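Close look at the chain arrangement
Residues per chain are reported as follows:
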Amino acid sequence: MPPLTKDVIKFGAFVVTNQVFHLTPLSYALVNLKPLLPGHVLVSPRRLVPRFNDLSQQEVQDLFATVQRVSRTIERVFDASALNIAIQDGQDAGQSVPHVHAHIIPRKKHDLPDPDQIYQMMEGEDGDLARQLRERDDGDGDGDVKRGRFPAVDADERRRPRSEDEMTREAEWLAREMAKDAEVNR
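Residues numbered from 1 in each chain as written. Predicted model: local features only at pLDDT ≥ 70, side-chain atom pairs only at ≥ 80, totals over all residues. Heavy atoms only, no water.

The name given to the protein chain in an unreviewed UniProt entry is Bis(5'-adenosyl)-triphosphatase, with Pseudopithomyces chartarum as the source organism. According to the UniProt record, the Catalytic activity (unreviewed entry) comment for the protein chain is "P(1),P(3)-bis(5'-adenosyl) triphosphate + H2O = AMP + ADP + 2 H(+)". Comment text from UniProt for the protein chain, heading Cofactor (unreviewed entry), reads "Mn(2+)". (UniProt positions renumbered as here; feature names shortened; annotations may be inferred.)

So, in structure tokens, the structure goes:
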């Protein structure tokens, strides 16, 4: 299955075209390089906008409608009983890629020892998307951006970056699942 678009899709400075599984005129959804939990995906506006307040009214509406559509599919296909939906708006809030994005993380009872642990994971090294994408793209992760954060948790060495092939396969699968949900909701 080819990418959903021939356009280059960027998440901040990073090309993520093959990770995209849902597109609207103003937003896109993509699979995560190092998901905090299985099914952790992101939804972002197509226009590179660093802060939520800089979005147009149409972009806000489309972003949240896309989060809602993607959430339904993610909850279904990952057999989740709940979701965490979060936006880290600005560097001091833990945003590591200066491009508005909503995290959608499927949750199940007892998936973590403490349900609120997910917030520590997002704020810690596990949630540093910019570092993870830099390491993927150039292998060294240099040029780290200083970011505000809550107390970091120990990095989970079992969480390795996924390969391009693995992310592409997941994006293709989720695109098919999104299409199934669109058919049901017509």
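Don't stop here, the text continues.
The description of an aromatic ring pair rests on the distance of the ring centres and on the angle between the ring planes. Enumeration over the complete set of coordinates arrives at two aromatic pairs. Between the aromatic rings of Phe78 and Trp173, the centroid separation amounts to 5.5 Å while the plane-to-plane angle is 80°, which identifies the pairing as edge-to-face. With Phe78 in the loop between helix H1 (57–77) and strand S6 (82–87) and Trp173 in helix H4 (residues 164–184), this pair connects stretches of sequence that are 95 residues apart. (Phe/Tyr/Trp six-rings, centres within 6.5 Å; stacked < 30°, edge-to-face > 60°. Helix = DSSP H or I, 4+ residues; strand = E, 2+ residues; numbered from the N terminus.)

Moving on to the nonpolar core. Residues Phe21, Val70 and Leu174 are the most contacted members of the largest nonpolar core, which totals 32 residues. Looking at this core, the elements that each hand over two or more residues are strand S3 (20–23), strand S4 (27–31), strand S5 (41–45), H1, strand S7 (102–107) and H4. Beyond its immediate chain neighbours, meaning those up to four positions away, Val70 contacts Phe21, His22, Ala29, Val41, Val43, Ile104 and Met178. Judged by nonpolar contacts, the second largest core, of eight residues, contains Leu36, Leu37, Ile105 and Met122. (Core = buried A, V, L, I, M, F, W, Y, C linked by side-chain atoms within 4.5 Å. Buried < 20%, exposed > 50% of the residue type's maximum accessible area, 1.4 Å probe, protein only. Contact = heavy atoms within 4.5 Å.)

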